[in-house]
Amino acid sequence: MIAPDSTTTIDLVARFPSVVTPDTRPGYSGWIVDPAHLTEVATAIRNEFSYDLLSSVTGVDYYPDKMEVVYHAYRTTGGPALVFKVQIPRHNPVVPSVTPIWKGAELQEREAWDLLGIRFEGHPDLRRIFMWEGFAGHPLRKDWKEPFYEEDVKPFKSRWPEGKHLPAEMRTPLQDNLFFPPGFDPEAFSFQDPDQAAYEALRRQHRPTDEDGIQTDVIIINMGPQHPSTHGVFRAAVMLDGETIIGLKPIVGYLHRNHEKIGERNTFLQNMPYTDRLDYFNSMSNNFGYALAVEKLMGIPVAERAEYIRVIMAELSRIQNHLVWFGMMLNDLGAMYTPALYAFEERELILDIFEATAGSRMMCNYFRFGGVARDVSEDTLRKIHDLVHDRLPRKIDEMDRLLTENEVLVSRLKGIGYLSAEDAIRTSMTGPMLRASGVPYDIRRADPYSIYDRFEFDVACHPEGDMYARYQVRMDEVRESIKIIKQALKQIPQGPIMSVKPSYQIKVPPGEAYGRVEAPKGELGFYIVSNGQPNPWRYHVRAPSLINLTSLEMMCIGEKIADFVAILGAVDIVLGELDR
Amino acid sequence: MNPKDINLPGYEIPEELKHVIAITALDRLYNWGRRSSVWPLMFGLACCAIEMIATQAARYDLARFGMEVMRPTPRQADLMIVAGTVTKKMVPAIVRLYNQMPEPKYVLAMGACASSGGPFKEGYNVVAGIDKFLPVDVYVPGCPPTPQALINGLILLQKKIDKESIKQVRWYRKGPDSVAIPIPVLGPDLIDTRRIPDIKAHTLSSTSKTDDQS
Ligand code: SF4
């Protein structure tokens, strides 16, 4: 389903003549804003037109002409995006930061600075985010080549049609994935801890107050990247006054595996298995978002039966994600392992279904443009039917009985990690985090994609804004997902599973598209620019795990260090998607 | 314990003493002790770590091999399962963790990424296999390896331990093998301090001038 054109509803040119022009490039939409007036226009977009949720900020390198920064803003009351862009010269890419207007831009602007070298003036803390300070170059620029560079686009000629290639190590000067600028002398190099910058930023932003004239000293401690509570290789520098958190900086990038750079080399279809590895709990949802974006660009429909299969798989994925979240959350609270074992038991049953349909437990690589890769057998459908009608509701009730009223759980979660609705919107929170702050924003309802408009379900929402609300939202969501699957199983028609002939090399017309889905962790968006070639020119993932961290500091300040573990757990991050 | 595991074949023990006496070699006893309680480091890098957790959970139950005690601190662990993509930014921490593990210590490279860089090998922040820094005992292929594959890898590790001899294991030998691995440094790119002469020879030579980077 193609979303209605966003630009028809409001007219920015009428409001800002000579500052804003419509983007008329074929396949593009939205508005181009004069960088000098960006702050003014953005303020109006937020305050006058009430686009309060800035979903995605990213840059595109239109080598060799210019750079572009693309913004997607939404209303939390629902509806399509307002897309606006600024264009800047490549040699001096400077843009005013929109972080003061939408705080949710903070980490995304740092990402654009790190990977594309776009400077955001007025940003409170513009540092590299994924790579370390001191790394040579901005890797997503089109003229920056990685050490193992072979060709601009795939398939590499050495693989196909020639079928012979030298291992990358044999082609590179140091026999390794390394590049050092000419003249660099490793002996003269004096090592400086790249993380000092993060500590300094903390010290700059938080001056401890000394009440009663007593000078207390603060300490900065590091959690991660190897720490059992960080769910992977996440790290945070936490500033403490006694046991109370007074400041916090997430330090990420320990799993930055260059998803976007590789994605811009791959053909469109080759990216599908890579999306599996973003949020590796939910490969089905990731496939979904990417398929939507490319289908939007191609303008093709999706086979009817495939639509239903997609919804069933995405919802199953959400169920197992939330189940694992319950287990891990309880782990973080100290209920070592019992709830997690319960959760993994149910997860295995869902993975069995994925394995039977897609061929793999975790990395499903299941969606294709126009449909899905394989049909679901009657036998599997029956298994799903049994799961959602019998086993899962029973087990979820059991979990509910075991946990929801549990005294320890309630006292560790209630009233802790508070985030108000305004702050949640301002920091671009999405998914269960936003809904637990009382904003009933669910893309499946607010801007329906695929066939979600055909199902009855409630948007889980709790107004308290604390961790207990985040727990309850997820508990409700699992039940709603079961409801959706039950309806989908009733309605699923027979028929083909692809609307077009499957092919390896697809034709994608030039243009841009933003496809987004309500992934279990929040809004997962794919921004894709095609120039008519077999490979995307720009491939950007709007990762909910990363952007949901914008408010981490807000939620932690004033809480005890022991609660940090739980607050972080409640955000539900996954490093594959966070760092990409 | 099964007497077959510990008794050295070829020695006759009278029937009435079989339950109190065993004749064995020191190596055999030592290896039996080690192989039966390999404690892995609770350490996950990426997608493969999720399969590692699944292996530990109820259906696959790693406890059957005495390996379910995942230790969050390296000081209590015997085995590092490198489960996921090794990035340049992360590798100093991984090497440091390895150095902190007491001997005997084993490394299992789980999945394509840890073995060779896998699907992300070409990435600018990716180390093409942990064996560039650590001595790997077992490689488990797959992306991700299924829990069965990981268990198979662990059984292979046990077989490897069975063949060890106290006289030959690397941590009781003199020489460079038993010293800590130097921790790489983050400069303009990842600097493996053991390779400084190579790097210097390359960057200060004229050929490197032809690589042009923005
Ligand atoms: S081998 Fe595959 S599954 Fe494992 S970490 Fe690498 S990409 Fe993820």
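Residues numbered from 1 in each chain as written. Chains lettered and ligands numbered in written order. Predicted model: local features only at pLDDT ≥ 70, side-chain atom pairs only at ≥ 80, totals over all residues. Heavy atoms only, no water.

(A) A look at the site of the ligand. In the vicinity of the ligand lie 16 residues, with B:C47, B:C48, B:A112, B:C113 and B:C143 positioned nearest. One finds residues of chains A and B in close proximity to the ligand. Of all the elements in the fold, those that place two or more residues in the shell around the ligand are helix 3 (47-56) and helix 5 (111-116) of chain B. If one sorts the elements of the shell around the ligand by residue count, helix 5 of chain B sits on top with three residues. (Near = heavy atom within 4 Å. Helix = DSSP H or I, 4+ residues; strand = E, 2+ residues; numbered from the N terminus.)

(B) Focus on the packing of helix 9 (residues 304-333) of chain A against helix 11 (residues 378-403) of chain A. Residues and elements named next belong to chain A. Direction vectors running N to C along helix 9 and helix 11 enclose 25°, while the axes themselves pass 12 Å from each other. Judged by the angle between their axes, helix 9 and helix 11 are roughly parallel. Pair helix 9 / helix 11 crosses with left-handed handedness. Taking contact as the criterion, the partners of R305, I312, M313, L316, I319, L323, F326 and L330 in helix 9 are, on helix 11, E378, L381, I384, L392, I396, M399 and L403. (Axes fitted to C-alpha atoms, helices over the stretch in contact; angles between N-to-C directions. Parallel < 35°, antiparallel > 145°, perpendicular 65-115°, else oblique. Left-handed = near helix turned anticlockwise from the far one by under 90°. Contact = heavy atoms within 4.5 Å.)

(C) Spatial organisation of the sheet that holds strand 14 (residues 522-530) of chain A. Residue and element names in this part refer to chain A. Taking strand neighbours across the sheet as the criterion, the three strands line up as 13-14-15 in an open arrangement whose pairing is antiparallel. Each having just a single partner strand, strand 13 (511-519) and strand 15 (536-542) make up the two edges of the open sheet. Neighbour-to-neighbour, the strand axes of this sheet turn through a mean angle of 10°, independent of strand direction. Contacts between helix 8 (residues 283-298) and the sheet are confined to strand 13, strand 14 and strand 15, with strand 13 contributing the most and set at about 150° to the helix. (Pairing = 2+ DSSP bridges.)

(D) View of the packing of aromatic side chains. All names here are of chain A. In this structure the tally under the stated criterion is 23 aromatic pairs over all chains. Aromatic pair F84 and W102: ring centres 6.2 Å apart, planes at 35°, arrangement tilted. You can see F84 sitting in strand 5 (residues 82-89) and its partner W102 sitting in the loop between strand 6 (94-96) and helix 3 (106-116), a full 18 residues away along the chain. As far as the burial class goes, F84 and W102 line up, both buried. Measuring from ring centre to ring centre gives 6.0 Å for F135 and W144, while their planes differ by 45°; the resulting arrangement is tilted. An identical accessibility class is assigned to F135 and W144; each is buried. Members of the aromatic cluster, each reached through a chain of ring pairs, are F288, Y308, Y366, F367, Y449, Y452, F455 and F457. (Phe/Tyr/Trp six-rings, centres within 6.5 Å; stacked < 30°, edge-to-face > 60°. Buried < 20%, exposed > 50% of the residue type's maximum accessible area, 1.4 Å probe, protein only.)

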